[in-house]
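# Commentary on secondary and tertiary structure
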Amino acid sequence: MLAHLLSFSFLLAPPATNDAAARAEEDFGEIEPAAKPEPDPSSSASTGSGVLAPLPNYGDDDDDGDGDEFGELAPAPRPTQNRKKPVVVFEEPEDFGPFYEAEPVTELEFPGDAWRPDRKQPFASVGGGSFCFVEDSVCGASLIADADVGVGLNVITTNRGLNVPYTQFRVRGGLSLRPLELIKQRWHPWGVGVVGSWSLGSGSITATNRDPSDANTSIVETNSIRSYRVGLLNQIWLAQKRNALHLDFTLGAVNSSVLDAQGRYWGTHAEFALGFGGWGGLYFAGDFLDSDSRVFMGVRGHGIATGPLIALIVLGLVAGGVAL
Amino acid sequence: MITLGLTLGLTLGLTPPELPADASEGPVEGPAEPEAEPEPTLSQASAAELAAARTPRAEPRDEGPPYYTEAEIDQLRARYQVPPDPRVEPRKPRWRCLIPDPMCGFGVELTATTAFAWRFRQGDISVSGVYFDWYSARVSYDLWINFPAHTQTVGKYKFTRLTLGPKAAVVAGDNQDLWGNFGVALRYWFGTRKWSPALEFSSALSFKLTGERAGVTLPQRSPVGITADIGINIGGWGAIILGGQYDSPLAREDLPEKFRVSAGGQVFVGFRGNILWGAPAAVAVGTHIAMQRALPPQP
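Every value quoted in this text rests on a predicted model; they were computed, and no experiment measured them. (Residues numbered from 1 in each chain as written. Chains lettered and ligands numbered in written order. Predicted model: local features only at pLDDT ≥ 70, side-chain atom pairs only at ≥ 80, totals over all residues. Heavy atoms only, no water.)

Attention now goes to the interface of chain A and chain B. Counting from both sides, the interface comprises 57 residues of chain A and, opposite them, 67 residues of chain B. Looking at the side of chain A facing chain B, the largest losses of area belong to Phe110, Pro111 and Trp115 of chain A, adding up to 13% of the total buried there. Ionic pairing is found between Arg221 of chain B and Glu221 of chain A, a salt bridge with its closest N-O pair at 2.6 Å. Here chain A is connected to chain B by 10 residue pairs in polar contact (both at pLDDT 80 or more). Counting only elements with at least two residues in the side of chain A that touches chain B, the list comes to helix H1 (2-12), strand S3 (141-156), strand S5 (164-177), strand S6 (190-201), strand S8 (219-221), strand S12 (280-289), strand S13 (292-302) and helix H5 (303-319) of chain A. It is H5 of chain A that provides the largest number of residues to the side of chain A that touches chain B, a total of 10 residues. Of the residues belonging to the side of chain A that touches chain B, the class tally is 32 nonpolar, 19 polar and 6 charged. (Contact = heavy atoms within 4.5 Å. Buried area = accessible area lost by both parts, 1.4 Å probe. Salt bridge = Lys/Arg side-chain N within 4 Å of Asp/Glu carboxyl O. Polar contact = N/O pair within 3.5 Å; in protein donor to acceptor, adjacent residues only side chain to side chain. Helix = DSSP H or I, 4+ residues; strand = E, 2+ residues; numbered from the N terminus. Nonpolar A, V, L, I, M, F, W, Y, C, P; charged D, E, K, R; others polar.)

In structure tokens, the structure reads:
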């Protein structure tokens, strides 16, 4: 019986250690931490009063015995890894600037955007934006189809006519490409395209008298000016966001009538425009023919939007008995 | 004896508890299920039970996130003077944002305007006191491109309070006239709800496109005039507008009288609505047709 009792007493006894500090704890309470040496004020690392003493580290062996007790639990020194780091060469990003940066990421969003048809890919696009029926900043190729109204001045550069206001209605079509975006498969601001347009404008005021000394006699109004234009389009998209602004430069040729002369003639056509995505644009344009020029400005809208409006106007005119 | 009793007690206490006899004979079976009770049906529920079922239950506190109730969050935000959580549950926009809504950002909008117009025009200046004024209608079809110029943040969402963008329009009048204009359109929303009112203001350069001459509609010229209107919109569906237009004269001395254009203008009151819900477009087309057929030629 005594043997059982003794064995149980040994079980309940604290583990025997040889550490003097542990014995002191058992006899006199908690162990006071060992006094650290005062930092040397003359040391360059010392900042004088208020300096923080280094915290005791797990690996420090200031007191004997702890290291033996927890030796197995101490973290083993990591094997030195002599892996060769890959050499990273700085590459200057192309087209980095205030206009071409990507849209900043924001946590805020319009609630209605979750229901937009263009929330995942550009509106009216195929192939994930490879081709769009309405121009967008990320489209590789886009259809151009719009209508506009414009107003300007009919400038007669000879004495055979008078400078008068000029107004017109125009439809435009074409195709735009983003060559570098298609080749490199990443966004690029440059685009190029081909456009053609037809316009119906107010006639000129011209003098039928061929006598240069009396130019303003027999002044008549010509028929409505019908013009055809073809041009090369250059685009710069100013941002990558949806419906971003873009600058459009068009240079080409115009075929139109000139004053009261018979036949049709070719001249130069130039246009500068600020586009609002593919849905609209503000333009300044000019048709420069021999002694007869027209400079005009206006706002155009994509055919998807302007088509229904044109249909409603024509319906009202035709049903109202107007002879078009 | 004392040591004996202590040793026995320890021995018994360290002995593992005995397993049930059937535990070593086969797999443990669960307790016998009670006899299934009939499922209560909705028709058998009392009014009190239905009311209790409709009452939202408090979230369990200790089962997982969220670890704080909404009341505690509100208390915490109030403690630090943070505005209370709006807990916005946005609704579905109408026509995928083709009808303007404070929930939408960029938008393209087609509107039809039908208005009653008081028109006036100055006559030949060589004749003293020649002045004409008459009443007729004005029909306008507008394309607005709306950019969000100012937004309000509510929770994780932003709502448009001010839109600004280009606009272009074609305006039909009497005498088979068609006018064009382009300019800037502005809309300020007074709220973010479905039927929030909005203030609309648009101004544009206006010019004549076509007119009637000898019974045929032909392209016509005009100097650049101005037009502007202001209106109150309800929920993006339509607006009551008040506007005016001034037509600049073309009165150069070297221009024969028959090519001159005298000054004119109009003041109009009307309704402008989005064409997608049909009625504004139908009223506009009907007014345009009636105007062409019923009104006599005007000066």
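So, next bit.
This part takes up a positive patch on the surface. On the surface, Arg119 and Lys120 of chain A together with Lys92 and Arg96 of chain B cluster together to form a positively charged patch. With respect to the helices and strands, Arg96 of chain B occurs in the loop between helix H3 (70-79) and strand S1 (107-122). (Patch = residues over 30% accessible without salt bridge, like charges linked within 9 Å, V, L, I, M, F, W, Y side chains within 5 Å. Areas by Shrake-Rupley, 256 points an atom, 1.4 Å probe, with all protein chains shown as cover. Lys, Arg positive; Asp, Glu negative; His and termini not counted. Charge placed at Lys NZ, Arg CZ, Asp CG, Glu CD.)

With that settled, consider the sheet that holds strand S7 (residues 205-207) of chain A. On the basis of which strands lie adjacent, the open sheet formed by 3 strands has the order S4-S7-S8 (chain A) and antiparallel pairing. Lying at the two open borders of the sheet, with one neighbouring strand each, are strand S4 (161-162) and S8 of chain A. (Pairing = 2+ DSSP bridges.)

Our focus in this paragraph is the confidence of the model for chain B. Averaged over chain B, the pLDDT score is 82; the fraction of residues at 70 or greater is 82%. ipTM for the predicted complex: 0.74, alongside a pTM of 0.71. (pLDDT = per-residue confidence, 0-100.)

Following the criterion strictly, the structure yields 2 disulfides over all chains and no others. Cys132 of chain A shares a disulfide with Cys139 of chain A; S-S distance 1.8 Å. The sign of the S-S torsion, about -90 degrees, decides the handedness of the disulfide formed by Cys132 of chain A and Cys139 of chain A: left-handed. With respect to burial, Cys132 of chain A and Cys139 of chain A carry one shared label: buried. Disulfide pairing places Cys97 of chain B opposite Cys104 of chain B at an S-S distance of 2.0 Å. Classification of the bridge connecting Cys97 of chain B and Cys104 of chain B rests on its S-S torsion, roughly -80 degrees, and on that basis the disulfide is left-handed. As far as burial versus exposure is concerned, Cys97 of chain B and Cys104 of chain B are alike and both buried. (Disulfide = S-S within 2.5 Å. Buried < 20%, exposed > 50% of the residue type's maximum accessible area, 1.4 Å probe, protein only.)

All names here are of chain B. Under the defined criterion, the tally for this structure stands at 24 salt bridges over all chains. A salt bridge links Lys208 to Asp177, with the shortest nitrogen-to-oxygen separation between them at 3.7 Å. One end of the pair, Lys208, is in strand S5 (residues 197-213); the other, Asp177, is in the loop between strand S3 (157-172) and strand S4 (178-189), with 31 residues separating them in the sequence. With respect to class, Lys208 is no different from Asp177; both count as buried.

Turning next to the nonpolar core. Within soluble globular proteins, side chains that are nonpolar generally end up buried alongside one another. Core analysis: the biggest nonpolar cluster contains 32 residues, and Tyr141 and Leu178 of chain B have the highest contact counts within it. Counting only elements with at least two residues in this core, the list comes to S3 and H5 of chain A together with S1, strand S2 (131-154), S3, S4, S5 and helix H4 (279-294) of chain B. Ignoring anything within four residues of it in the chain, the contact list for Tyr141 of chain B reads Leu309, Leu312 and Ile313 of chain A together with Thr111, Ala112, Ala168, Ala169, Val170, Ala284 and Val285 of chain B. If you look at the next biggest cluster of nonpolar residues, it comprises 8 residues, including Leu162, Val164 and Ile219 of chain A together with Leu250 of chain B. (Core = buried A, V, L, I, M, F, W, Y, C linked by side-chain atoms within 4.5 Å.)

Residue and element names in this part refer to chain B. All told, the structure shown has 14 aromatic pairs over all chains when counted by the stated rule. An aromatic cluster is defined as three or more aromatic residues linked by ring pairs; in this entry it consists of Trp195, Trp237, Phe271 and Trp277. Looking at Arg138, its charged tip hangs above the ring of Phe268, at a distance of 4.1 Å from the centre. (Phe/Tyr/Trp six-rings, centres within 6.5 Å; stacked < 30°, edge-to-face > 60°. Lys NZ or Arg CZ within 6 Å of the ring centre and 35° of its normal.)

Take unusual backbone geometry next. Residue and element names in this part refer to chain A. One non-glycine residue, Ala124, lies in positive phi territory at about 55 degrees. Mapped onto the elements of the fold, Ala124 is located in the loop between helix H3 (66-69) and strand S1 (125-126). Judged by its relative accessible area of 31%, Ala124 falls in the partly exposed class. For Leu259, which is not a glycine, the phi torsion comes out positive at approximately 50 degrees. Take Leu259: its relative accessible area is 7%, and that puts it in the buried class.

The next thing to look at is the pairing of strand S11 (residues 265-276) of chain A. Residue and element names in this part refer to chain A. Where strand S10 (residues 245-256) and S11 come together, 12 bridges link them in antiparallel fashion. Counterpart to Leu247 in the pairing with S11 is Leu274. The sheet contact formed by S11 and S12 spans 9 bridges and is antiparallel. Bridge pairing links Ala273 to Tyr283 in S12. Taking the residues that link successive antiparallel strands as the turn, the S11-S12 hairpin has 3 residues, and the phi of Gly277 there is positive, at about 60 degrees.

The next subject is the packing of H5 of chain A against H4 of chain B. Between H5 of chain A and H4 of chain B, the shortest axis-to-axis distance is 8 Å and the interhelical angle comes to 35 degrees. The interaxial crossing formed by H5 of chain A with H4 of chain B has right-handed handedness. Along its contact with H5 of chain A, which presents Leu312, Ile313, Leu315, Gly316, Leu317 and Ala319 of chain A, the element H4 of chain B presents Ala281, Val285, His288, Ile289, Gln292 and Arg293 of chain B. A breakdown of the residues in the contact of H5 of chain A with H4 of chain B according to their chemical character gives 8 nonpolar, 3 polar and 1 charged. (Axes fitted to C-alpha atoms, helices over the stretch in contact; angles between N-to-C directions. Left-handed = near helix turned anticlockwise from the far one by under 90°.)

Turning our eyes to something else, we now look at the environment of Thr160 of chain B. Within the secondary structure, Thr160 of chain B is located in strand S3. Separated by 27 residues in the primary sequence, Thr160 of chain B and Arg187 of chain B place their C-alpha atoms 9.8 Å from one another. Not counting residues up to four positions away in its chain, the partners in contact with Thr160 of chain B are Phe110 of chain A together with Pro102, Cys104, Gly105, Pro148, His150, Thr151 and Trp189 of chain B. At 2.6 Å, the side chain of Thr160 of chain B forms a polar contact with the backbone oxygen of Cys104 of chain B.

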